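# A structural walkthrough
Chain residues, written in single-letter form:
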Amino acid sequence: MELIDKTVNGLTFQVSLQMERSGVAHGFTTRTGGVSRGIFSSLNLGTNRGDDPALVRENYRRVCAALGVDVGKLAFSSQVHEDTVRCITAADLGKGLDKPVDYDADGLVTDVPGAVLTVFGADCLTVLLSDPVRRVVAAVHAGWRGTALGIVERAVEQMTGRYGCDPADILAAIGPGISNCCFETDEDVPNAMTAALGAAALPFLSGGAGGKFHVDLKGLNALRLERAGLSSAHVDCSPDCTFCRPDRYWSHRYTGGERGSQAALIALL
Ligand SMILES: [Zn+2]
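Residues numbered from 1 in each chain as written. Predicted model: local features only at pLDDT ≥ 70, side-chain atom pairs only at ≥ 80, totals over all residues. Heavy atoms only, no water.

Angle between the axes and distance between the axes are the two parameters that describe a pair of packed helices. Here helix α4 (residues 151-163) crosses helix α6 (residues 217-227) at 30°, and the two axes come no closer than 8 Å. Considering the angle they form, α4 stands roughly parallel to α6. Note on packing geometry: the crossing formed by α4 with α6 is right-handed. Mapping the contact onto sequence places Val152, Glu153 and Val156 in α4 and Asn221, Arg224, Leu225 and Arg227 in α6. (Axes fitted to C-alpha atoms, helices over the stretch in contact; angles between N-to-C directions. Helix = DSSP H or I, 4+ residues; strand = E, 2+ residues; numbered from the N terminus. Parallel < 35°, antiparallel > 145°, perpendicular 65-115°, else oblique. Left-handed = near helix turned anticlockwise from the far one by under 90°. Contact = heavy atoms within 4.5 Å.)

Next up, the structure:
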């Protein structure tokens, strides 16, 4: 199924209906509904991009109010395009907005109720995971490097290995990001995918004319989730391309890096 739009208090985000029914609060934010100005207009959730910290904090207050979660229990990722997945404990709550993040991780996983796992994107994909049986959630940042490294599979491995989840129970939502239509690359990106996945990657790679390729990161991450044991019926995906919709999303490529950040957030209720 596709993610759908939801608007609460003037703030529009995307959600997975089956994930909403699984006992979690979650959402993939858009640009709308915040107080930031200029290139950050309006719902910038990036804290290190040059925006006024007071405005970013107000944006977080609005997002957390719309989702019904505690702004004091945010736990941020500190993204470095690798495949480390950190288990978030109560000691990590507040890291990002209220105090420094003292770890690098492109993925977060937790069984702590109320902890608001937060990952960022502006072309790179964000992926949320929820196991309603064992009551475990995860949030992942997957650009092309993370996709090649298999970070979504590392997250599922943490959920199964550390928390005892059955992959057949896990729901996934792949958020807005740069899509096959607009993700034009040199040969390094498709080569990384075939090196990691072999011929299974080929349906998600195209082009080659003039040395340029198109890469379907959403499809590759869905493939990886199914390799990890998830049911394809449990993997929802946003239809939105960040590059195609500069009115609605920040795209790193479209803006040349002059931009704010979207976030994907998830918490066990
Ligand atoms: Zn596009």
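This part is about the packing of aromatic side chains. Counted by the stated rule, this structure contains three aromatic pairs. Taken together, a centroid distance of 5.1 Å and an interplanar angle of 80° make the contact between Phe76 and Phe120 edge-to-face. With Phe76 in strand β4 (residues 74-76) and Phe120 in strand β7 (residues 116-121), this residue pair connects regions lying 44 residues apart in the sequence. Both residues of the pair, Phe76 and Phe120, count as buried. (Phe/Tyr/Trp six-rings, centres within 6.5 Å; stacked < 30°, edge-to-face > 60°. Buried < 20%, exposed > 50% of the residue type's maximum accessible area, 1.4 Å probe, protein only.)

The next point concerns the sheet that holds β4. What the six strands build is an open sheet, ordered β1-β2-β3-β15-β7-β4; its pairing is mixed. This sheet does not close on itself; its edge strands, each paired only once, are β1 (4-8) and β4. Looking at each pair of strands side by side, their axes are set apart by 30° on average, direction ignored. Pairing between β4 and β7: three bridges, direction parallel. (Pairing = 2+ DSSP bridges.)

Moving on to the coordination of the zinc ion. Every protein donor of the zinc ion is listed here as Cys181 (SG), Cys182 (SG), Cys241 (SG) and Cys244 (SG), and their distances to the metal cover 2.3 Å. Here the zinc ion is ringed by four donor atoms whose angles at the metal span 102 to 115°, and the overall shape comes out tetrahedral. Mapping the donors of the zinc ion onto the primary sequence yields the spacing C-C-x58-C-x2-C. Of this pair, Cys181 sits in the loop between β10 (171-174) and β11 (184-185) while Cys244 sits in the loop between β14 (235-237) and α7 (252-255), and the two are 63 residues apart along the sequence. The class for Cys244 is partly exposed, based on a relative accessible area of 44%. (Donors = N, O, S within 2.8 Å, 3.2 Å for Na, K, Ca; no water. Tetrahedral: all angles 85-135°; square planar, octahedral: opposite > 155°, others 65-115°.)

So, about the environment of Asp169. By the secondary structure assignment, Asp169 is in the loop between α4 and β10. Residues Asp169 and Leu230, 61 residues apart in the sequence, show an inter-C-alpha distance of 7.5 Å. Beyond its immediate stretch of four places on either side in the chain, Asp169 contacts Ser130, Asp131, Pro132, Val133 and His234.

A cluster of nonpolar side chains, namely Met1, Ile4 and Leu17, defines an oily patch on the protein surface of about 290 Å² accessible area. In this structure, Ile4 sits in strand β1. By relative accessible area, Ile4 is classed as partly exposed at 36%. (Patch = residues over 30% accessible without salt bridge, like charges linked within 9 Å, V, L, I, M, F, W, Y side chains within 5 Å. Areas by Shrake-Rupley, 256 points an atom, 1.4 Å probe, with all protein chains shown as cover. Salt bridge = Lys/Arg side-chain N within 4 Å of Asp/Glu carboxyl O.)

Because each turn of an α-helix spans 3.6 residues, side chains separated by three or four positions end up pointing in the same direction. Within α6, nine of the 11 residues are buried, leaving the element largely enclosed by the surrounding structure. Among all positions in α6, only Leu217, Lys218, Gly219, Leu220, Asn221, Ala222, Leu223, Arg224 and Leu225 are buried. One side-chain oxygen at the N-terminal end of α6 lies 3.2 Å from the backbone nitrogen of Lys218; it belongs to Asp216. (Polar contact = N/O pair within 3.5 Å; in protein donor to acceptor, adjacent residues only side chain to side chain.)

Our focus in this paragraph is the environment of Leu117. Looking at the secondary structure, you find Leu117 in strand β7. As for Leu117 and Gly107, which are separated by 10 residues in sequence, their C-alpha atoms are 9.1 Å apart. Contacts of Leu117, omitting those with residues within four sequence positions, involve Ala75, Ile88, Leu108, Val109, Thr110, Val137, Ala138, Ala139, Ala264, Leu265 and Ile266.

Let us look at the side chain of Thr29. With respect to the helices, strands and loops of the structure, Thr29 is situated in strand β3 (residues 24-29). Residue Thr29 is classed as buried on the basis of its relative accessible area of 4%.

Now for α4. The terminal C-alpha atoms of α4 lie 17 Å apart, and with 13 residues this matches the ideal 18 Å at 1.5 Å per residue to within 8%. Here α4 has its buried residues at Ile151, Val152, Glu153, Ala155, Val156, Met159 and Tyr163. Among the structural elements, β5 (85-87), β6 (107-110), β8 (125-131), β9 (136-142), α3 (144-149) and α6 are those in contact with the buried residues of α4. Looking one or two residues past α4, Gly164 carries a phi angle of roughly 75°, positive in sign. (Expected span 1.5 Å × (residues − 1).)

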